[in-house]
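Chain by chain, the residues run as shown.
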Protein chains: 2
Amino acid sequence: MAKVKKHPRPRAATPKGFRDYFGADVAERKAMLDRIAAVYHRYGFDALESSAVETVEALGKFLPDVERPNAGVFAWQEESETGKPGDWLALRYDLTAPLARVYAQFRNDLPTPYRRYAMGPVWRNEKPGPGRFRQFYQCDADTVGAPSVAADAEICAMLADALEAVGIARGDYVIRINNRKVLNGVLEAVDPSGSADRDAILRSIDKFDKVGEDGVRALLGKGRLDASGAYIDGVGLDKAQAEPVIAFLTSRGADAAQTLARLRAAVGGSGVGAEGIDELETIAELLEAQGYGADRIVIDPSVVRGLGYYTGPVFEAELTFEITDEKGRARQFGSVAGGGRYDDLVKRFTGQAVPATGVSIGVDRLLAALRAKGLGAAEAPGPVVVTVMERARMADYQAMAAELRAAGIRAEVYLGNPKNFGNQLKYADRRRAPVAVIAGEDERARGVVQIKDLVLGAKIAESASLEEWKSRPSQVEVPRADLVAEVRRILARAD
Amino acid sequence: MAKVKKHPRPRAATPKGFRDYFGADVAERKAMLDRIAAVYHRYGFDALESSAVETVEALGKFLPDVERPNAGVFAWQEESETGKPGDWLALRYDLTAPLARVYAQFRNDLPTPYRRYAMGPVWRNEKPGPGRFRQFYQCDADTVGAPSVAADAEICAMLADALEAVGIARGDYVIRINNRKVLNGVLEAVDPSGSADRDAILRSIDKFDKVGEDGVRALLGKGRLDASGAYIDGVGLDKAQAEPVIAFLTSRGADAAQTLARLRAAVGGSGVGAEGIDELETIAELLEAQGYGADRIVIDPSVVRGLGYYTGPVFEAELTFEITDEKGRARQFGSVAGGGRYDDLVKRFTGQAVPATGVSIGVDRLLAALRAKGLGAAEAPGPVVVTVMERARMADYQAMAAELRAAGIRAEVYLGNPKNFGNQLKYADRRRAPVAVIAGEDERARGVVQIKDLVLGAKIAESASLEEWKSRPSQVEVPRADLVAEVRRILARAD
């Protein structure tokens, strides 16, 4: 008889492209999101936590074919109960598609306009890469049902407040606003017959950040050689046609008035173009009235990201301070949030167009920015570690930890094998404990405890020769009754 | 030619068994979990947020068969890149299996013992029912790598602190502790040859909560007629064999000493039984030393839930106050948390047994308990709503909202169609706005604003005949410059 094969041990590994977050990372992100949520709440936005799982149908992906059921999303088919094939379900890939579904589903119970914020993980079934994960956080705020650009202006003001709330100083960020309608106006002026390939024009414009003015000019015309040596075919506009597009992209002036004047020239007689410029002007006025001047929020037609997706105003928050990149070059930190107006999202469900505008903060980007500025939440101190010298006295040690905790001090008893005291101190080190409490037989007999300042101890170990440390003992003996007071004194010193 | 069929509109619906959480629900749960997290942190526990997606292999479900790939979990197969079949991935169904994987994967970088807490959604592919969802929150705390029952005692003390931190008063809860080893000792005493069906005995004991002492006695013997009229076969122990099991379940005495004495009688000469009783005694001593007396934590061998799963101490937190159930009967609220020691979880991955103990709080149960006690977070007040009387003055209205927000007051401008003023007040009502600000042409000319106290207004509308309201105007006119001060005055009154 064949031997029954033993089941092999499973691999202890996160699936490819997924990761775990430990202690300090969880706390740091939470602190940042809590501050942002407080700002959103103050603006009248309500939290929404939608289901992580949606029907594929509601997400706007059509029934995936059988060969590649997971293209872009993580999807699976429900088991059938009735003989009919079950629904396809999927993990949400962003927070906007679920908002559209929620608004369509609950629109009779929700206020109109509906201001909501959402923070949580989303999932993408994409090839993971360095720093690119298949589960990551998004943080969105949107207003649904408000046609007025006052809603767009409000989102921009709120975004500025949120950035300042997490610690980005005024002057270290700028929110730039553009408008898809102005671009539409420019295209109308350039190509009134609609004979040019507008998608191709949009794709060329979208490269403005990377290839600059001359690059876009080439892409709109005959094409250009890209960095990899490949020749990219151009849209084929003649020079006169391409210039208004370039003029649009580079129309930012010294102030809003000058920018708007240049834009008016670029759109010629286009109605939609004029409407877009009026909207930008209104947004600038509304923000100015609330004290958000050009030091924080500017009209900048060079913002191209999302211009293909949004239907009206488009915004982007950029951090303007310099960081040193992985190649040692100084560069601006760049974009941490973006958004705009998208008026057709709910229509898929209801047939009725519902105006909507919103912004999404790149949670990991903003966290990285805070760290780059030294504004990341300082890693919370580890707990005070009460060491175990006599196994039979565990109740005493637990009582010490309980007293410290009752005084609001983070504290724990060492619960590993206490035999090797060195291991206990190594443990305290790994826990980044600021203080260790030591009480053995001798201390018990004399009614005292030893309190070891591990922060000071580490400093002395680093530079033992320095005179200044010699006079400061890193370990003190105090009466048992003074445990809490002495630990508190040392912690206050460490701050 | 056949007409191209238009794609039908997608249904705007959460998938069956899933739900969305809105404003107040999100805030209420968050407030509760934040308080619990603060307690856990003070005990030296670190946050862990593991990936929501695990390999099916790591979750401990073997490769699902092709017919029912989703039994119990939501699972899907990764696309293959190499020609080999892709991994099966699944959404986590609890927070314990991921902890085991994380500990096995990162054990060289984690402190030992490793204390961690985790809060987040888990997913179950089960038939949904009333109040039973396929995505729900769990809130766990576990200590991995600590063999000492001091770790179990600590978890119980921390659980008591957590319940009090969210608002459950001392006296309204009790944490009950049992020990699987004591039961093992009883079974050894009852059936030294191991010839009885121990799983069947465990299943009978597990019904103790439902069928009581006589019911378990019958199930251990010949069997019994259950409520549905079906006859449940018994284990077939004779009366003398069954009695020590019953004695174990009913051994709770007036105090710990009496309970322990009764247990010692029940286990006879069993070594493992004696070990289990010693553990319970140690736990009681440790807790007593920290001030957790029998008013909060008791040894109670009638705790049977989880006795089949855990390998050592087992705990359960029960709320002891009465609520009125759906049938109008008064009953105790019941269990809100449970846990225990499970020493084999990590072994699957590494081959080495790692001691672990922990507790899981039923988030929805505890929230329901807080609401039943009137301790649910009072729904946060809605924002002050600045109404729009003159469309062209949007900048003024936005400036008013900005001033209120700068003073820390939640405020928003009405951004729907302002034409029908009644709609604006209906909106304010739906937002549960405490105050509406009204400033039309006349107010502008006179440099004033109207401030409407909507809370008072609603009271007056309810009982308009009462004299007391007549003297209190629900709307006041103040100079524009006094907007913030007057709103603040009204909000202070509403508190």
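Residues numbered from 1 in each chain as written. Chains lettered and ligands numbered in written order. Predicted model: local features only at pLDDT ≥ 70, side-chain atom pairs only at ≥ 80, totals over all residues. Heavy atoms only, no water.

Examining the overall build of chain A
Reasoning step 1: In terms of helices and strands, chain A carries 18 helices and 19 strands.
Reasoning step 2: What you see for chain A is a C-alpha radius of gyration of 30 Å, clearly larger than the 23 Å of a compact globule of 495 residues, by over 25%.
Reasoning step 3: Across its three principal directions, the C-alpha atoms of chain A cover 95 × 75 × 55 Å.
Reasoning step 4: Residues classed as buried in chain A amount to 53% of the 495 residues present.
Reasoning step 5: For chain A, the proportion of contacts with a sequence separation of at least 24, taken over those separated by at least 6, is 66%.
Reasoning step 6: Approximately 22,200 Å² of chain A is accessible, and the part contributed by carbon and sulfur atoms is 51%. (Helix = DSSP H or I, 4+ residues; strand = E, 2+ residues; numbered from the N terminus. Rg over C-alpha atoms; globule rule 2.2 N^0.38 Å. Buried < 20%, exposed > 50% of the residue type's maximum accessible area, 1.4 Å probe, protein only. Contact = heavy atoms within 4.5 Å. Areas by Shrake-Rupley, 256 points an atom, 1.4 Å probe, with all protein chains shown as cover.)

So, the relation of the copies chain A and chain B
Reasoning step 1: Laying chain A over chain B is done by rotating through 180° and shifting 0.0 Å along the axis; what remains is an RMSD of 0.1 Å. When the rotation and shift are considered jointly, the pair of chain copies conforms to a two-fold rotation axis. Residue A:Trp76, judged by its C-alpha, is the member of chain A lying nearest the rotation axis, at 2.9 Å.
Reasoning step 2: Both copies share a contact surface, since 100% of the interface residues of chain A are interface residues in chain B too. (Least-squares fit on C-alpha atoms with pLDDT ≥ 70 in both.)

Focus on the interface of chain A and chain B
A common way to report how large an interface is uses the accessible area buried once the components associate.
Reasoning step 1: Taken together, the contacts link 102 residues of chain A with 102 residues of chain B.
Reasoning step 2: Where chain A abuts chain B, roughly 8,600 Å² becomes buried across the two surfaces, and 53% of that area is made up of carbon and sulfur atoms.
Reasoning step 3: Its largest share of buried area at the contact with chain B, chain A owes to A:Glu49, A:Arg410 and A:Leu415, together 8% of the area lost on that side.
Reasoning step 4: At the junction of chain A with chain B, the criterion picks out 18 salt bridges.
Reasoning step 5: Counting the contacts that link chain A with chain B gives 48 residue pairs in polar contact (both at pLDDT 80 or more).
Reasoning step 6: The element contributing the most residues to the side of chain A that touches chain B is helix 1 (residues 23–42) of chain A, with seven residues.
Reasoning step 7: Tallied by class, residues from the side of chain A that touches chain B come to 49 nonpolar, 22 polar and 31 charged.
Reasoning step 8: Here two bridges tie strand 1 (residues 21–22) of chain A to strand 2 (residues 46–49) of chain B, and the two strands are oriented antiparallel to one another. In the strand pairing of strand 2 of chain B, A:Tyr21 is matched with B:Glu49. (Buried area = accessible area lost by both parts, 1.4 Å probe. Salt bridge = Lys/Arg side-chain N within 4 Å of Asp/Glu carboxyl O. Polar contact = N/O pair within 3.5 Å; in protein donor to acceptor, adjacent residues only side chain to side chain. Nonpolar A, V, L, I, M, F, W, Y, C, P; charged D, E, K, R; others polar. Pairing = 2+ DSSP bridges.)

Re the domain arrangement of chain A
Reasoning step 1: Per the domain assignment, the segments of chain A are domain 1 (23–52 + 92–196 + 237–372) and domain 2 (384–494).
Reasoning step 2: Between the C-alpha centres of domain 1 of chain A and domain 2 of chain A there is a distance of 51 Å. (Domains from an automatic or database assignment.)

Remarks on helix 6 (residues 198–206) of chain A
Reasoning step 1: Every buried residue of helix 6 of chain A is listed here: A:Ala200, A:Ile201, A:Leu202, A:Ser204 and A:Ile205.
Reasoning step 2: Measuring from the backbone nitrogen of A:Asp199 back to the side-chain oxygen at the start of helix 6 of chain A gives 3.2 Å, which picks out A:Asp197 as the cap.

Topic: the sheet that holds strand 18 (residues 448–453) of chain B
All names here are of chain B.
Reasoning step 1: Taken in spatial order, the five strands make up an open sheet running 16-15-17-18-19, and their pairing is mixed. Either end of the sheet is taken by a strand with one partner, and the two such strands are strand 16 (411–413) and strand 19 (475–479). The sheet shows a mean angle of 25° between the axes of neighbouring strands, direction not considered.
Reasoning step 2: For strand 15 (residues 384–386) and strand 16, the ladder comprises three bridges, and the chain directions are parallel. Bridge pairing in strand 16 links Val 386 to Val 413. (Axes fitted to C-alpha atoms, helices over the stretch in contact; angles between N-to-C directions.)

Observations concerning the sheet that holds strand 2 of chain B
Reasoning step 1: Ordered by their spatial adjacency, nine strands build an open sheet running 1(A)-2(B)-6(B)-7(B)-14(B)-13(B)-12(B)-8(B)-11(B), and the pairing between neighbours is mixed. Two strands close off the open sheet at either side, each with one partner strand: strand 1 of chain A together with strand 11 (297–299) of chain B.
Reasoning step 2: Sheet analysis places strand 7 (residues 135–144) of chain B next to strand 14 (residues 356–362) of chain B, joined by seven bridges and oriented antiparallel. Its bridge partner lying in strand 14 of chain B, B:Asp140 is registered against B:Ser360.
Reasoning step 3: Sheet strands touched by helix 1 (residues 23–42) of chain B: strand 6 (114–123), strand 7 and strand 14 of chain B. Its angle to strand 7 of chain B, the strand with the most contacts, is close to 5°.

Description of the environment of B:Gly416
Reasoning step 1: Along the chain, B:Gly416 falls in the loop between strand 16 and helix 14 (421–430).
Reasoning step 2: For the pair formed by B:Gly416 and B:Val190, sequence separation is 226 residues and the distance between their alpha carbons is 75 Å.

Focus on helix 10 (residues 271–289) of chain B
All names here are of chain B.
Reasoning step 1: The end-to-end C-alpha separation of helix 10 is 27 Å, in line with the 27 Å expected for 19 residues at 1.5 Å each.
Reasoning step 2: Looking only at helix 10, the buried set comprises Gly 273, Gly 276, Ile 277, Glu 279, Leu 280, Ile 283, Leu 286 and Leu 287.
Reasoning step 3: Near the N-terminus of helix 10, the side chain that reaches the backbone nitrogen of Val 272, with its oxygen 3.5 Å away, is that of Ser 270.
Reasoning step 4: A positive backbone phi angle near 90° is found at Gly 291, which sits one or two residues after helix 10. (Expected span 1.5 Å × (residues − 1).)

Quick word on the side chain of B:Arg92
All names here are of chain B.
Reasoning step 1: You can see Arg 92 is positioned in the loop between strand 5 (88–91) and helix 3 (96–106).
Reasoning step 2: Of the buried charged residues, Arg 92 lacks a salt bridge, with Glu 54 as the closest side chain of opposite charge at 6.5 Å.
Reasoning step 3: Here Ser 50 takes part through its backbone oxygen, which lies 3.0 Å from a polar atom of the side chain of Arg 92.
Reasoning step 4: Within the local environment of Arg 92, its side chain forms a polar contact with the backbone oxygen of Pro 121, the two atoms lying 2.9 Å apart.
Reasoning step 5: Leave out the neighbours within four places in its chain, and Arg 92 touches Ser 50, Ser 51, Ala 52, Leu 59, Pro 98, Gly 120, Pro 121, Val 122 and Trp 123. (Lys, Arg positive; Asp, Glu negative; His and termini not counted.)

Topic: the packing of helix 5 (residues 180–190) of chain B against helix 8 (residues 239–249) of chain B
Helix packing for two helices is described by the angle between their axes and how far apart those axes are.
All names here are of chain B.
Reasoning step 1: At their nearest, the axes of helix 5 and helix 8 sit 9 Å apart, and the two run at 160° to each other. Classified by the interaxial angle, the pair formed by helix 5 and helix 8 is roughly antiparallel. In the packing of helix 5 onto helix 8, the handedness of the crossing is right-handed. Contacts from Val 182, Leu 183, Val 186, Leu 187 and Val 190 of helix 5 reach helix 8 at Gln 241, Pro 244, Val 245 and Phe 248.
Reasoning step 2: Residue composition of the contact of helix 5 with helix 8, grouped by class: eight nonpolar, one polar and no charged. (Parallel < 35°, antiparallel > 145°, perpendicular 65-115°, else oblique. Left-handed = near helix turned anticlockwise from the far one by under 90°.)

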